[in-house]
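Working through the structure, step by step
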Amino acid sequence: MANVTPPILEESVTPQRPLEDFQKPAGGPLVLLLRFAVALVIPAVIVVFFLAFSFLKSDDANKLAQVGVALVAGVLGVWVLYWAMDRVVDLLPGTAAAAVRPFVFVGPAMVLVTVYLVYPTVQTTIFSFQNADSEGFVGLDNYVRIFTESQYLVAIRNSLLWVLIVPAAAVIIGLAFATLADRLGKRSESAAKSLIFLPMAISFVGASAVWVFMYSFRPEGFGEQIGLLNAVWTGLGGQPVDWLGSAPLNNLFLMVILIWLQTGFCMVILSSAIKSVPDDLLEAARIDGATEWQVFTRVTLPSVASTITVVWTTTVITVWKVFDIVYVMTGGFDGTQVVAQQMVQEFFTNRNNGVGAALAVLLFVAVIPVLIINVKRFREQEAMR
Amino acid sequence: MAEVTFEHVEKAYPNGYKAVSDLNLKIEEGEFLVMVGPSGCGKSTTLRMVAGLEEISSGALSIGGRVVNDVAPKDRDIAMVFQNYALYPHMTVADNIGFALKLAKTPKAELKAKVDQAAKMLELNEILDRKPAQLSGGQRQRVAMGRAIVRSPQVFLLDEPLSILDAKLRVQMRAQITSLQRDVGVTTFYVTHDQVEAMTMADRVAVINRGILQQVDPPQALFDHPDNLFVAAFIGSPSMNLMDARMEEVDGRVVMHLGSQTVAVPDEVFTQRPALRKYVGRNVTVGIRPQDIDDAALETQHPQDQRLRSTALTVEALGFEKIVYFDIDATPVFSSDALDMEEGAEEVMSAQNTRVAARFDAVSGVKVGDDIEVAVTVANSHFFDPESGLAIRD
């Protein structure tokens, strides 16, 4: 099922069709029904395929055969499906065909979005008003809990701090690197950028595993200190510190990990934005009497402002969802819990669907303003054209 | 206001390529100097050196008597108009014009007054609140001009400021820029590849090619007395007809063989150019401007021995005149550099024949394929040494 790619075939299919097909699409309930039908056929057939090829999930089957069948049935099959449905629509009378055809291609994607996104959202929202086993409604109890009990409040406070600090730090450091790297020679620029970008390739869990050794601390009697940070610290004459155990700074230490991961992303995107600022704009500013710093703040920065918004909002969404870093590094102890990590804990450790769902809804709502900013910015950009 | 002086200025790149060689030039105070040349000739590099955007490899560049080789652009007190205008897209027209003043910490009231005044000169008052994206090409151009004049700088630098406008607007802006420059009287260095701009706008034109300055003169002088083949071929449209000629003395009178045809060379030619005497009996490169060739049918008084015969190959009727192309069998001479920029140069070139362009009066009845007789005003011809390409004068 996962190999159903969003259909983008429309363009390649349209040219041969006579023009009048597009000019007056038919309406009416029958057409509506047909639209639903064609939208559902492809996902339905795929589900049937999925079940029919259940041997693909069998461990005993020949792996190579599995791969072969999956490739042929998955890639070619999906193509054949779209093609066949397009032919079927050809059989309809002209105007009806024109009305129905788009749904052959857009329909399956819409169905999948509904099944995988809309339905879970609705279901989660319903869960959030139910008890731990999702057997009875409890009204706003779950929400009252997450906004009154201290562990959740700390999680919300921490998440807010993460959202304030991490995107700001990642964007500022990324912007600084992008600007400075831009002044380097071609080769040293790409070398420097690769180094900064490298962490992007590491999974959050992997990165956390690396940073465990950075912050590692062993209480007396539990062996030698192996942490890099403690090595530096003791080397400077300090006593070993339990970095991740000392609230509230331990939150900051966790954030550093995500900043380290995200800076590369910010830098790469901002770097290409900076490069697209025309040189003569900068030269004009220099001739107008601007110092290099003024050129940067008054010309470069405003020119890349919309890119900064994109990078910022993207990072904000990532930060709201951060779970793995906290889970791996501290498990949410010592006052380091965040909303997403609490959500997982409620759902799977505490088996409390109600509170878990309420936290999920909280996350969902928290991301909405960010999405609005993004959509608004996108519209503005479209309007500029 | 100040004069700009180039003394042995050179621009060499690390790979050894010399964009500008040994440039000596003085732009007088308040002068409108246009530097013109084909693309890649070093004219933009020269301008950028004045702006401080390009380092000077050797020599001295001074603005108002001060050597500015190592002075940053912002401290040179210059204003520049870029080819693509380089307007700040996030600022309004008013902010664009006032940006330099704002950086110079000009008091708000004074800044506004100056911006308003500049806007008034350029008829931008109505659009001061708009962003560059909402402006037409001509408006953007005027904003770029406004940004330059508002500062009352020592020198204006204009880098092909009209090249991205359409033809009609270009003609309008040409006049507007020159009158603006006369009004403010600021020393202006203008770079273009368009010889019409150079001729129409400049007090003096500097022709440059391959990084070497060819000639600096007022437009008319440049047109009437080109120093060498390049300038001769570059200035004027259609280009000067350049071909090999052999001068001989026959019965005490000098004639010039153009391929198989012969025209007489009147004595006044030699009184104007005594040095030409030495070329009698030798080959010389002769240049005849298209306007010095007319339909003999209309010039019945023209001496019989200053005429050529051929067949009209192309006739371009422009309304006020006809451009007629025909071949004569003299060996053509090309200023190879000029060829690069002449569109359709290959068409003009044919191995043995010279394709000659002539400007006939509009009343001429010549049609394609007609046998024609043309009257050549030999006295107006230009003569160049075939070896050096330099004009033969005195």
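Residues numbered from 1 in each chain as written. Chains lettered and ligands numbered in written order. Predicted model: local features only at pLDDT ≥ 70, side-chain atom pairs only at ≥ 80, totals over all residues.

1. Thoughts on the domain arrangement of chain A
Often, the extent of an interface is quoted as the loss of accessible area on bringing the components together. Residues and elements named next belong to chain A. Where we set the bar: Where each domain begins and ends follows an automated or database-derived domain assignment. Following the grouping adopted for this structure description, the nonpolar residues are Ala, Val, Leu, Ile, Met, Phe, Trp, Tyr, Cys and Pro, the charged ones are Asp, Glu, Lys and Arg, and the polar ones are all others, Gly among them.
Assigned domains within chain A: domain 1 (10–128) and domain 2 (144–384). Between domain 1 and domain 2, the C-alpha centre-to-centre distance is 39 Å. Looking at the side of domain 1 that touches domain 2, its residues break down into one nonpolar, three polar and no charged.

2. Re the interface of chain B and chain A
Selection rule: Residues are treated as contacting if the C-beta atoms built from their backbones sit within 7 Å of each other.
Tallying the contact residues gives 18 residues for chain B and 15 residues for chain A. Among the residues making up the side of chain B that touches chain A, the classes are represented as 15 nonpolar, two polar and one charged.

3. Focus on the nonpolar core
Here is the rule: Take the buried Ala, Val, Leu, Ile, Met, Phe, Trp, Tyr and Cys residues, join any whose C-beta atoms are within 7 Å, and the set you get is a nonpolar core. Residues are called buried when their C-beta atom has 20 or more other C-beta atoms within 10 Å, exposed when it has 12 or fewer, and partly exposed otherwise; all C-beta atoms are positioned from the backbone.
Counting 115 residues, the largest nonpolar core has Leu33, Val34, Val50, Met80, Val155, Leu157 and Phe189 of chain B as the members making the most contacts within it. Apart from residues lying up to four places away in sequence, phenylalanine 189 of chain B is in contact with Val4, Ile27, Leu33, Met35, Leu47, Val50, Val155, Phe156 and Leu157 of chain B. Formed by 51 residues, the second largest nonpolar core is a distinct cluster that contains Leu254, Trp260, Ile274 and Ala360 of chain A.

4. Considerations on the sheet that holds strand 16 (residues 307–317) of chain B
Residue and element names in this part refer to chain B. Note the threshold: A pair of strands is labelled paired if DSSP reports no fewer than 2 bridges between them. Strands here are runs of E lasting at least two residues and helices are runs of H or I lasting at least four, both read from the DSSP assignment and numbered beginning at the N terminus. Angular values range over 0 to 180 degrees, each being the angle between N-to-C directions of two axes fitted as lines to C-alpha atoms, with helices fitted over their stretch in contact.
Reading across from one edge, 15-19-16-17-18 is the order of the five strands in this open sheet, with antiparallel pairing throughout. The open sheet has two free edges, formed respectively by strand 15 (293–295) and strand 18 (354–361), since each of these has just one partner strand. Across this sheet, the average inter-strand angle for adjacent strands is 50°, counted without regard to direction. With five bridges joining them, strand 16 and strand 17 (residues 321–328) adopt antiparallel strand pairing. Bridge pairing in strand 17 links glutamate 316 to isoleucine 323.

5. Side note on unusual backbone geometry
Glycine aside, negative phi is the norm for most residues, and most peptide bonds take the trans geometry. All names here are of chain B. Put simply, serine 237 and proline 238 share a cis peptide bond, and its omega is -5°. Locating proline 238 in the fold gives a position in the loop between helix 8 (229–234) and strand 11 (241–250). Not every positive phi belongs to a glycine, and alanine 86 is a case in point at roughly 50°. By secondary structure assignment, the location of alanine 86 is in the loop between strand 6 (78–81) and helix 2 (93–103). The phi dihedral of aspartate 251 falls on the positive side, at around 55°, and the residue is not glycine. Within the fold, aspartate 251 resides in the loop between strand 11 and strand 12 (253–258).

6. Some remarks on the domain arrangement of chain B
All names here are of chain B. The domain boundaries assigned to chain B delineate domain 1 (4–234) and domain 2 (241–384). One C-alpha centre belongs to domain 1, the other to domain 2, and the line joining them spans 38 Å. Contacts between the two partners involve twelve residues from domain 1, matched on the other side by ten residues from domain 2. Each residue belonging to the side of domain 1 that touches domain 2 can be placed in one class, and the counts come to seven nonpolar, four polar and one charged.

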